[in-house]
Amino acid sequence: MRSASELKIGEKAIISDIDNSNPSARRILEVGFTPGEEIELLFKPVFGDPLGFSIRGTLIAVRSSEAKCILI
Amino acid sequence: MLTETDNKIPLITLLGHPNSGKTTLFNYLSGKKYKTVNYPGSTVEYSISRVLSRFEFNANILDSPGIISLIPCSPDEKLSVNYVYNHPKHGKTDLAVVTLDASQLSRQLLLVKQLIECNFKVIIALTMLDILNKKGLDISAEKLSELTGCDVVKIDGRDGDGIDELLKIIKENINKINENNVKHSLKNYDSAKIIQLYSDIEKIEKEVLFSIEPLTGENELIHIENVNKKLTVLNNYKNNGHRKIDKNTISIDRFVLHKFWGLIIFIAVMSLTFTSIFWLAAPLMDLVDTFFGNLSEIASNVLGNNLLSDLVSNGLIAGLGSVLVFVPQIVILFLILGLLEDSGYLARGAMLLDKPLAKIGLNGRSFVPMLSGFACAIPAIMATRTIQNRRERFLTIFIIPLMSCSARLPVYALLLAFLIPQDKPFIAGLALTAIYIFSILSSLIIAGVVNKFTKRIKSINDNSSFIIELPTYKKPKIDTVLKNTFKNANQYVKKAGPVILVLSLILWFLTTFPQQNQEDLSVNKISSTELVLNATSPFALINSDTIKNQNSGEENSDSESETEYDLSKSYAGMIGKIIEPVMIPLGLDWRVGVSLIVTFSAREVFVSSMALIFKVTEDEDEGKFQEGILNSMREAKNEATGQQLFTTATIAGLIVFFVFAMQCLSTVAISKKETGGWKIPILQVVVFTGLAYVMAFITVHGLKLIGIS
Ligand SMILES: Nc1nc2c(ncn2[C@@H]2O[C@H](COP(=O)(O)OP(=O)(O)OP(=O)(O)O)[C@@H](O)[C@H]2O)c(=O)[nH]1
Ligand SMILES: [Mg+2]
């Protein structure tokens, strides 16, 4: 299964699940990354990390290590 | 300061997501001027105020740091979240007013849901409706109220829209409050529960949002009337509408967060910020400088040649002038930081820097505290509270004193003015930028080193995380930025003013007494008065014809050495002699040592203490204060070696000293408070001051080695 950290810029995906073993999983859910939501990877600045996602009409930057728990 | 009766009046707590407009609303209701910033996490401390009397409502309101969820993610967050239930100082929340960014309805309703479930009495204040409208959407407050069971009001805390209605509803609800049976935890709060809450929220969202024609003007009213008509049209919302991001924000971010351009823009923004402090302020500083130079001259003219005149013109006016001359720079610094903060760029900066900062044990969220450290370390250290991970937070606190705070500006300005010709402010600007870059690089290296050595002290359960919302870009509200700038400049003067005055007085006393008339009885009367006057009253000197005549020509060098002889017998001289051995290796003498000691109470005092110690002799044609200090500095000889005291090398050494030295007692105090112990502040004092000395030594002798004396 792929995770959101593997998306390419401009690629959209629907969240299928959140991997609860990641310590940030709960905060990821709380900020709105819930299964069924559509996300798009919009920005990946200079250092390639964190990643800028669009979720629920907002831009949120998430470290790729934490974006790993967003399964698509 | 709460009195007995305050405990009995209702407490209304403003809660909500970071950046949802709590402080803006708080300021409107309380008339206070707390900082509102387009960055999630600008408020870090609870603050309370009485509602302004013009609202005719006797209640306290409490502003709170933004939270995403009632369930904390870290021990530090837990502390802050727990205050929501019961603040140790301000008491129990009677009524929760939740500011809810309407453009992010679904994400922010989660907190509302949690609060309702915990039995809080909740009123929803919808904010950012202008942004929602720009997305082509609007929201029905009635429907939202119906579906959540809370009262809902649309407001804009920036201009007071809807506040009257909000207050009306608050008043109605206050009367209905009965026993407070708030629950302190949510049952079975796990992933499944969050997902469940979100699916409830989505149902609400579908009912309350409806699309409107993209707004061009202020025809909001029409849209509200058309709610029902529009609702039917609106069921195709799934494929667009509410999930769209503000178009402008996306187009700006295509550059700002671009792989290549993002970095260039970042560098450009940062260097413009720091260079402009110098060259934009230069003409204004000149004005203030001239003003105080003249004032001091007038004072000594009026008061004549005596100790009082000397105290007023040299101690008081010169001391005050040396503070106020930097007000223009402070104003410009805060103005630019304010514009930057309000635009929404800071969160992008944090994102850009997260990876490199994480490598040295910091966090992207360290960026904003570090940046505000350039204004003042105290709010900066408090701002680190937005960093979840304790280790990262402490490391950030550790290095913040290395950021060149505004109190160091006067010092650098004086020292740079010594090195760089006055007619080239641009070079001075670049040099200042170089100092800033040097201090940043040093702090990063130090953080990296400390991080390496403390790797093992990693508490379990302390998750390093970087999840940040990138707020919609906004046109900075100029009046808010101006107000904030004014407030900060005011604070700078208020804080520095008295300290500088008192210290100048003490220093004046120490350099003036004990008077040596008796000892010098053998010397003839006139020259002994001359001695004292020379030592204490440079301005009086100019205006006293007799002494000036005596003081002309070849006698100049003579009288200068006599002056210094005199000073070394003063109390200041006695203290200075003790630290002389420390200063000699830096190519400096005890007089600079005395100035440095004084700066441990406030760095700004360096300038006025140099003025006092080096006995500024005013240029007759130019009434400028700084010129005066510079001239005496150029003439000063090292008492130990007889060589020129201030050279390129020693000045560079001094600059380096100031870059590192931990010279601010308030910073030590806040560092102790925020880290909950003495370990970090003591380490800061020892490490940074030691480093300052060593680095200054290396600079002076390194420069000498390559032929720059
Ligand atoms: N467009 C728009 N901007 C607003 C509105 N209300 C507040 N703002 C702006 O939103 C930004 C954030 O406001 P704050 O009041 O600092 O938010 P806060 O909730 O106190 O944020 P934290 O202290 O970080 O939790 C500021 O730039 C405000 O000027 C509004 O109704 N519309
Ligand atoms: Mg706030």
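The rules behind the values
Residues numbered from 1 in each chain as written. Chains lettered and ligands numbered in written order. Predicted model: local features only at pLDDT ≥ 70, side-chain atom pairs only at ≥ 80, totals over all residues. Heavy atoms only, no water. Helix = DSSP H or I, 4+ residues; strand = E, 2+ residues; numbered from the N terminus. Rg over C-alpha atoms; globule rule 2.2 N^0.38 Å. Contact = heavy atoms within 4.5 Å. Areas by Shrake-Rupley, 256 points an atom, 1.4 Å probe, with all protein chains shown as cover. Domains from an automatic or database assignment. Buried area = accessible area lost by both parts, 1.4 Å probe. Salt bridge = Lys/Arg side-chain N within 4 Å of Asp/Glu carboxyl O. Polar contact = N/O pair within 3.5 Å; in protein donor to acceptor, adjacent residues only side chain to side chain. Nonpolar A, V, L, I, M, F, W, Y, C, P; charged D, E, K, R; others polar. Near = heavy atom within 4 Å. Buried < 20%, exposed > 50% of the residue type's maximum accessible area, 1.4 Å probe, protein only. Donors = N, O, S within 2.8 Å, 3.2 Å for Na, K, Ca; no water. Core = buried A, V, L, I, M, F, W, Y, C linked by side-chain atoms within 4.5 Å. Pairing = 2+ DSSP bridges. Axes fitted to C-alpha atoms, helices over the stretch in contact; angles between N-to-C directions. Left-handed = near helix turned anticlockwise from the far one by under 90°. Disulfide = S-S within 2.5 Å.

1. Details of the overall build of chain A
Inference 1: Secondary structure assignment for chain A yields two helices and six strands.
Inference 2: Listed N to C, the secondary structure of chain A is β-β-α-β-β-β-α-β in terms of helices and strands.
Inference 3: Against the 2.2 N^0.38 benchmark of 11 Å for 72 residues, chain A shows a C-alpha radius of gyration of 11 Å, consistent with a compact globule.
Inference 4: When its C-alpha atoms are laid out on the principal axes, chain A stretches across 30 × 25 × 20 Å.
Inference 5: Pairs at least 24 residues apart make up 55% of the contacts formed inside chain A by residues separated by at least 6 positions.
Inference 6: For chain A, the accessible surface area stands at approximately 2400 Å², while carbon and sulfur atoms represent 49% of it.

2. What about the domain arrangement of chain B?
Residues and elements named next belong to chain B.
Inference 1: On domain assignment, one finds that chain B holds domain 1 (4–243) and domain 2 (280–327 + 480–645).
Inference 2: Each partner contributes to the interface: domain 1 provides four residues, whereas domain 2 provides four residues.
Inference 3: Taken together, both faces of the contact between domain 1 and domain 2 bury some 330 Å²; the carbon and sulfur share is 57%.
Inference 4: The interface formed by domain 1 and domain 2 holds zero salt bridges in total.
Inference 5: At the boundary of domain 1 and domain 2, one finds one residue pair in polar contact (both at pLDDT 80 or more).
Inference 6: Residues belonging to the side of domain 1 that touches domain 2 are distributed by class as follows: one nonpolar, one polar and two charged.

3. Some words on the site of ligand 1
All names here are of chain B.
Inference 1: If you check the shell around ligand 1, you find 24 residues, and the closest are Thr-23, Thr-24, Gly-41, Thr-43 and Asp-130.
Inference 2: A distance of 2.9 Å separates an oxygen atom of ligand 1 from a polar atom in the backbone of Gly-21.
Inference 3: Across the complex, the protein chains shield 98% of the 660 Å² of accessible surface that ligand 1 would expose by itself.
Inference 4: Mapped by element, the contributors of at least two residues to the shell around ligand 1 are helix H1 (22–30) and helix H4 (129–134).
Inference 5: With three residues, H1 is the largest single contributor of residues to the shell around ligand 1.
Inference 6: In terms of residue class, the shell around ligand 1 is made up of six nonpolar, twelve polar and six charged.

4. Describing the side chain of B:Ser64
Residues and elements named next belong to chain B.
Inference 1: By the secondary structure assignment, Ser-64 is in the loop between strand S3 (60–63) and helix H2 (75–82).
Inference 2: Its relative accessible area of 1% is what places Ser-64 among the buried residues.
Inference 3: There is a polar contact of 2.6 Å between the side chain of Ser-64 and the backbone oxygen of Leu-14.
Inference 4: When near neighbours in sequence (up to four residues on either side) are disregarded, Ser-64 contacts Leu-14, Leu-15, Lys-22, Thr-43 and Tyr-46.

5. Quick look at the coordination of the magnesium ion (ligand 2)
Residue and element names in this part refer to chain B.
Inference 1: Coordination of the magnesium ion (ligand 2) by the protein is provided by Thr-23 (OG1) and Thr-43 (OG1), with metal-donor distances spanning 1.9 Å. Remark: Thr-43 occurs in the loop between H1 and strand S2 (47–50) and Thr-23 occurs in helix H1; sequence separation between them is 20 residues. Summarising the burial analysis for this pair, Thr-23 and Thr-43 share the class buried.

6. Side note on the nonpolar core
Inference 1: Membership of the largest hydrophobic core comes to 129 residues, with the highest contact counts inside it found for B:Phe367, B:Leu371, B:Val592, B:Phe606, B:Met633, B:Phe646 and B:Leu654.
Inference 2: Examining the composition of this core, we find that ten residues originate from one element, helix H11 (residues 261–303) of chain B, more than from any other.
Inference 3: Mapping this core onto the domain boundaries places at least three of its residues in each of domain 1 (4–243) and domain 2 (280–327 + 480–645) of chain B.
Inference 4: Excluding residues that lie within four positions of it along the chain, B:Val592 makes contacts with B:Met583, B:Phe614, B:Leu645, B:Phe646 and B:Leu654.
Inference 5: Grouped together as the second largest cluster of nonpolar side chains are 66 residues, A:Leu7, A:Ala25, A:Ile72 and B:Ile139 included.

7. Overview of the interface of chain A and chain B
Inference 1: Chain A puts 34 residues into the contact, and the matching count from chain B is 49 residues.
Inference 2: Together chain A and chain B conceal approximately 3700 Å² of surface at their shared face, both sides included; 60% is due to carbon and sulfur atoms.
Inference 3: Ranking the residues of chain A by area buried against chain B places A:Arg27, A:Arg56 and A:Arg63 at the top, with a combined share of 20%.
Inference 4: Summed over the shared surface of chain A and chain B, the number is two salt bridges.
Inference 5: The residue A:Arg56 makes a salt bridge to B:Glu202 at a minimum N-O spacing of 2.7 Å.
Inference 6: For the interface between chain A and chain B, the tally reads 21 residue pairs in polar contact (both at pLDDT 80 or more).
Inference 7: Counting only elements with at least two residues in the side of chain A that touches chain B, the list comes to helix H1 (25–30), strand S3 (38–43), strand S4 (51–55) and strand S5 (58–62) of chain A.
Inference 8: In terms of residue class, the side of chain A that touches chain B is built from 17 nonpolar, eight polar and nine charged.

8. Points about the sheet that holds strand S7 (residues 122–127) of chain B
All names here are of chain B.
Inference 1: The sheet built from six strands is open, its strands ordered S2-S3-S1-S6-S7-S9 with mixed pairing. Here the strands that pair on one side only, and so sit at the sheet edges, are S2 and strand S9 (151–154). The mean angle between the axes of side-by-side strands here comes to 25 degrees, regardless of whether they run parallel or antiparallel.

9. Examining the environment of B:Asp310
Residue and element names in this part refer to chain B.
Inference 1: Considering the arrangement of structural elements, one finds Asp-310 in helix H12 (residues 307–324).
Inference 2: For Asp-310, a relative accessible area of 0% translates into the label buried.
Inference 3: In this structure the C-alpha to C-alpha distance between Asp-310 and Asn-86, which are 224 residues apart in sequence, comes to 56 Å.

10. Section: the packing of helix H3 (residues 105–117) of chain B against helix H7 (residues 191–208) of chain B
Residues and elements named next belong to chain B.
Inference 1: Two elements in contact, H3 and H7, have axes separated by 9 Å at closest approach and are oriented at 115 degrees. Judged by the sense of rotation from one axis to the other, the crossing of H3 with H7 is right-handed. Each of Leu-105, Ser-106, Arg-107, Leu-109, Leu-110, Lys-113 and Glu-117 in H3 lies in contact with H7, whose residues at this interface are Lys-193, Ile-194, Leu-197, Tyr-198, Asp-200, Ile-201, Ile-204, Glu-205 and Val-208.
Inference 2: A per-class count over the contact of H3 with H7 returns nine nonpolar, one polar and six charged.

11. Structural notes on the state of the cysteines
Inference 1: Here the structure, examined in full by the defined rule, presents zero disulfides over all chains.
Inference 2: Free of any disulfide, A:Cys69 has its nearest cysteine sulfur in B:Cys73, 11 Å distant.
Inference 3: Owing to a relative accessible area of 0%, A:Cys69 belongs among the buried residues under this scheme.
Inference 4: Given the relative accessible area of 28%, B:Cys73 is considered partly exposed.

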